[in-house]
Amino acid sequence: MSPVLADNKMLKLKKSCYKCNMTDLPQGLQNFIEEKARVCQPDKIHICDGSIEEYNALLELLQVNGSLQKLEKMDDCWLALTDPKDVARVESRTFICTKSMRDTIPTPKHGFKEVDSSLNLRNLKCTALGNWMSPEDLEYELGRRLPGCMKGRTMYVVPYSMGSVGGSISKIGVELTDSPYVVCNMRIMTRMGIKILGKIEDESVFVKCLHTVGVPLPTKMTIVNNWPCNPEMTMVAHLPEKNEVISFGSGYGGNSLLGKKCFALRLGSIIAKREGWMAEHMLILGITNPQGVKKYIAAAFPSACGKTNLAMMTPSVPGWKIECVGDDIAWMKFNEKGELRAINPENGFFGVCPGTSNSTNPIAMKTIQKHTIFTNVAHTADGEVYWEGMDDNMVSHGEHLISWKGKDWTKDSKEPAAHPNSRFCAPAEQCPIIDPNWESPEGVPISAIIFGGRRPQGVPLIYEAFNWEHGVYIGASVKSEATAAAEHKGKVIMHDPFAMRPFFGYNFGDYCKHWLSLSKEGRKMPKIFHVNWFRKSDNGQGSFLWPGFGENIRVLEWIFKRTDGDDSIAQKTPIGYMPKVDSFDMEGLNIPVGCIQELFSLDKQFWLGELEEIEKYFDQNVNISMPNEVLDQLSSIRERFLNI
Ligand code: GTP
Ligand code: SPV
Ligand code: MN
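All values reported here derive from a predicted model rather than from experimental measurement.

What follows covers the nonpolar core. In terms of nonpolar packing, the biggest core is built from 171 residues, with F374, W515, L556 and I559 touching the most fellow members. When residues of this core are assigned to their parent elements, the largest contribution, eight residues, is made by helix α9 (residues 259–275). Listed in part, the 37 residues of the second largest apolar core include M22, L142, V157 and L210.

Written as structure tokens, this is what we have:
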């Protein structure tokens, strides 16, 4: 008998294992559960079967304990209000643990950022491009968090697949969590339950995820809104060498639904580099022109910068059709024919609520009318949801709502009704324009890759890379205004290379090298573009120059034609190809000519300053890890500006 099975405590746990017999599980999974249960000491273990009965029972449990409210006016929709201290990803507490620091982060030229001791993370090395901790320090930090952390709670075992079950690009994970809220959201966001167990062929090959809210029972901690969390001790740790994620103290999506950012992006990017493919923070959409020709496009924008909206867009120009494959993550691989094929590893949308309305994103509004879990939105007494930017006449009559903080709210209230990072969690199959190939195991062929960000100043609506290397530079130089998706304060313009800054699983310099290495003889490399829906008048101080949303089809139309090789519509500029003024479809677009000129304008002084700033950023933060090819691109752009 193995030492694990001889442990009396474990034998007791096995008896209280709900529904499924532990001994029926693959041995590697049993070992994982037993190892973690012995440390975390849950009262019970529940192997999730993924059934609707189980889902409903968990929702009821959450309702009874006051963590979820049923939204009576909607169909099977639920509302969670969190502790206001636990509302977004915590980038400062998120790190990768590897033996060698260089594998994870470039060494900054002028040393590491000062780490606040209140983080409670010993010797954490923090940089602009990710955080690292040594295995020894991680062991210490786990030692003061995990022992007994699930006392008084149930440990749920959530087997799941990222990508359609059994697909060639798909991968399996198992999340152990003491949060039934997490289980319910995982059931929407991933393919989850018993059906996955048979796919664990080699019993030890699955990504091992451990999540705890970090509040063992009974507790002396004050629990706000029946949302247990432990903000002072929160940490999200990734152990690529053990294929493991350990998340402590937060229930918020990106920190707790570990298949998403932790597995599909951070560990995913490491696996992708090793195996020669890409794991990216990208939407995937299908676009069909009026002649019925269809292509697929992937686009990387930083968090809360428009991926869901573009992926579900309703085109303003007649004859064009958009279909949605995914809104947040793309796994992409070149096939033997040299085509880049992409899958959406997720099964649902965990989307930003504020700004989502019947005029901006009617498709999302239709998607979230049933079987949806809302977090931190406002609601009416009779059970409907509300948030800023939902163009409803609901609040114009002075109606009283209940804000995300559980307080009485009217439109005269000073605080927002919904948290700026409030989210919906809805099954992808409910999307009325879900692409017929969205679950295709071999993925969809990608013709173009778009980068973008919130740039109030200087960056034109659209430009195109001259070639793949130039495109890699464009990805590396993405910048964007900070949003509420993470804990950043204010609206500073931050670097967010490839829209992946919070999600790199390994050294960003190596990530650039990996992208450069993908261009090979015989491969059909997608064209690379950069867009900016967020340029503002008055040098960035005024209002948006571009109407955005459904009008973005005009930009996609130009991209579509460029991927067909239409050279008549493009002109060379120092930053790349841009539309010839009269080739861009402006028909029916109701904006002043002056705005259009401003949207396409290129200011030499702005760009020389921009290049200098990016060069400094690379020099200080990526330092010697940066491949020369990227720096050469920057020099070429500068030269082109200086020659005009
Ligand atoms: P994550 O889920 O955090 O990765 O975000 P996302 O990139 O999917 O962002 P999302 O599409 O949810 O958009 C975030 C916010 O940007 C919402 O408030 C949108 O209303 C707003 N937004 C999206 N597209 C546009 C646009 O074209 N123009 C303008 N002005 N705002 C937009
Ligand atoms: C993001 O922040 O980019 C998201 C939401 O998509 S979360 O799952 O919280 O990371
Ligand atoms: Mn995202």
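Not every one of the 22 residues close to ligand 1 is listed here, only the nearest: A304, K307, N309, P354 and R423. K307 places a side-chain nitrogen or oxygen 2.7 Å from an oxygen atom of ligand 1. Where the shell around ligand 1 is concerned, the elements lending two or more residues are α10 (307–311) and β19 (348–352). Considering each element in turn, the shell around ligand 1 owes the most residues, three residues, to α10. When the residues that make up the shell around ligand 1 are grouped by side-chain class, the tally is 10 nonpolar, eight polar and four charged.

A few words on the coordination of the manganese ion (ligand 3). Ligation of the manganese ion (ligand 3) by protein atoms is provided by K261 (NZ), H281 (NE2) and D328 (OD), these donors lying 2.2 to 2.4 Å from the ion. What the six donor atoms of the manganese ion (ligand 3) show is an angle range of 69 to 172° at the metal, which sorts the shape as irregular. Each donor residue of the manganese ion (ligand 3) belongs to the same chain, with the gaps between them written as K-x19-H-x46-D. Here the residue K261 occupies a position in helix α9, and H281 occupies one in the loop between β13 (278–280) and β14 (283–288), the gap between them amounting to 20 residues. This pair shows no difference in class: K261 is buried, exactly as H281 is.

For the structure shown, the criterion picks out six cavities of 30 Å³ or more. There is about 140 Å³ of room inside the largest cavity. As for the largest cavity, its lining consists of 19 residues, and the residues nearest its centre are P302, A482, T483, D496 and R501. Sorting the residues of the lining of the largest cavity by element identifies β28 (479–481) and β29 (493–495) as the ones contributing at least two each.

Attention now goes to the sheet that holds strand β2 (residues 69–70). Overall, mixed pairing links the five strands, which are arranged β2-β3-β20-β25-β19 in an open sheet. At either end of the open sheet lies a strand with only one pairing partner, and these are β2 and β19.

Let us look at the UniProt feature "domain: Phosphoenolpyruvate carboxykinase GTP-utilising N-terminal" (unreviewed entry) in the protein. Taken from the UniProt record, the annotation "domain: Phosphoenolpyruvate carboxykinase GTP-utilising N-terminal" (unreviewed entry) applies to residues 31–273. Helix makes up 27% of residues 31–273 and strand 22%. Its end C-alpha atoms lie 29 Å apart.

A regular strand carries its side chains on alternate faces of the sheet. Taken across its six residues, strand β16 (residues 321–326) has five buried, putting it largely inside the fold. In this structure, β14 lies alongside β16, joined through five bridges in antiparallel fashion. Directly across from L285, in β16, lies its bridge partner C324.

Take the site of ligand 2 next. As a structural note, the neighbourhood of ligand 2 is formed by R89, Y252, G254, K260, K261, H281, S303, D328, F350, R423, A485 and F503. Within the side chain of R89, an N or O atom sits 3.0 Å from an oxygen atom of ligand 2. Contact distances for ligand 2 include 2.7 Å between an oxygen atom and a side-chain N or O atom of Y252. Across the complex, the protein chains shield 98% of the 280 Å² of accessible surface that ligand 2 would expose by itself.

Time to look at the environment of F549. Considering the arrangement of structural elements, one finds F549 in the loop between α14 (537–540) and α15 (553–563). For the pair formed by F549 and E53, sequence separation is 496 residues and the distance between their alpha carbons is 38 Å. Those residues in contact with F549, other than ones at most four positions away along the chain, are N309, M313 and T360.

To continue, consider helix α18 (residues 628–642). Between its first and last C-alpha, α18 extends 21 Å over 15 residues, near the 21 Å set by a 1.5 Å rise per residue. Where α18 is buried, its residues meet α12 (468–476), α13 (508–517) and α17 (604–622).

Of the pockets and cavities examined, the second largest pocket occupies roughly 650 Å³. Together, 27 residues line the second largest pocket, and L61, N65, Y156, D178 and P180 are the ones closest to its centre. Sorting the residues of the lining of the second largest pocket by element identifies β1 (44–47), α4 (52–64), β7 (154–162) and α7 (180–189) as the ones contributing at least two each. Examining the composition of the lining of the second largest pocket, we find that six residues originate from one element, α4, more than from any other.

The subject of this paragraph is unusual backbone geometry. Here the residue pair L217 and P218 is connected by a cis peptide bond, since its omega of -5° sits within 30 degrees of zero. The topology assignment puts P218 in the loop between β10 (207–212) and β11 (235–239). Even without being a glycine, D538 presents a positive backbone phi close to 50°. Tracing the sequence through the fold places D538 in helix α14. Judged by relative accessible area, D538 falls into the exposed class, the value being 57%. Backbone geometry at N623 places phi at a positive 55°, although glycine is not the residue there. Here N623 shows up in the loop between α17 and α18. Classification of N623 by relative accessible area gives partly exposed; the value is 21%.

As a further point, take the packing of α12 against α18. In contact at an axis separation of 9 Å, α12 and α18 are set at 95° when each is read in the N-to-C sense. The angle between α12 and α18 falls in the class roughly perpendicular. For the pair α12 and α18, contact is made by E469, H470, V472, Y473 and A476 and by V630, Q633, L634, I637 and R640, respectively. Of the residues contributing to the contact of α12 with α18, the split by class is six nonpolar, two polar and two charged.

Moving on to the pattern of salt bridges. One pass over the structure, following the stated rule, counts 34 salt bridges. E91 is the partner of R89 in a salt bridge, and the nearest nitrogen-oxygen pair spans 2.9 Å. Here R89 and E91 have matching classes, each one buried. In this structure, D619 and K109 form a salt bridge, with 3.0 Å as the shortest nitrogen-oxygen distance. With D619 in helix α17 and K109 in the loop between α5 (101–104) and β5 (125–127), this pair connects stretches of sequence that are 510 residues apart. Because the salt bridges share partners, they merge into one network encompassing K260, K261, K307, D328 and E346.

What follows deals with the side chain of S303. For S303, the position within the fold is in the loop between β15 (294–300) and α10. What makes S303 buried here is its relative accessible area of 11%. Only 3.0 Å separates the side chain of S303 from the side chain of R89, close enough to count as a polar contact. Those residues within four positions of S303 in sequence are excluded, and the remaining contacts are R89, H281, T483, A485 and F503.

How each quantity is defined
- Residues numbered from 1 in each chain as written.
- Chains lettered and ligands numbered in written order.
- Predicted model: local features only at pLDDT ≥ 70, side-chain atom pairs only at ≥ 80, totals over all residues.
- Heavy atoms only, no water.
- Core = buried A, V, L, I, M, F, W, Y, C linked by side-chain atoms within 4.5 Å.
- Buried < 20%, exposed > 50% of the residue type's maximum accessible area, 1.4 Å probe, protein only.
- Helix = DSSP H or I, 4+ residues; strand = E, 2+ residues; numbered from the N terminus.
- Near = heavy atom within 4 Å.
- Polar contact = N/O pair within 3.5 Å; in protein donor to acceptor, adjacent residues only side chain to side chain.
- Nonpolar A, V, L, I, M, F, W, Y, C, P; charged D, E, K, R; others polar.
- Donors = N, O, S within 2.8 Å, 3.2 Å for Na, K, Ca; no water.
- Tetrahedral: all angles 85-135°; square planar, octahedral: opposite > 155°, others 65-115°.
- 1 Å grid on protein atoms, 1.4 Å probe; cavity = no way out; pocket = protein on both sides within 12 Å on 5 of 7 lines; lining within 4 Å.
- Points joined across faces, edges and corners; volume = space filled by probe spheres on them.
- Pairing = 2+ DSSP bridges.
- UniProt positions renumbered as here; feature names shortened; annotations may be inferred.
- Areas by Shrake-Rupley, 256 points an atom, 1.4 Å probe, with all protein chains shown as cover.
- Contact = heavy atoms within 4.5 Å.
- Expected span 1.5 Å × (residues − 1).
- Axes fitted to C-alpha atoms, helices over the stretch in contact; angles between N-to-C directions.
- Parallel < 35°, antiparallel > 145°, perpendicular 65-115°, else oblique.
- Salt bridge = Lys/Arg side-chain N within 4 Å of Asp/Glu carboxyl O.

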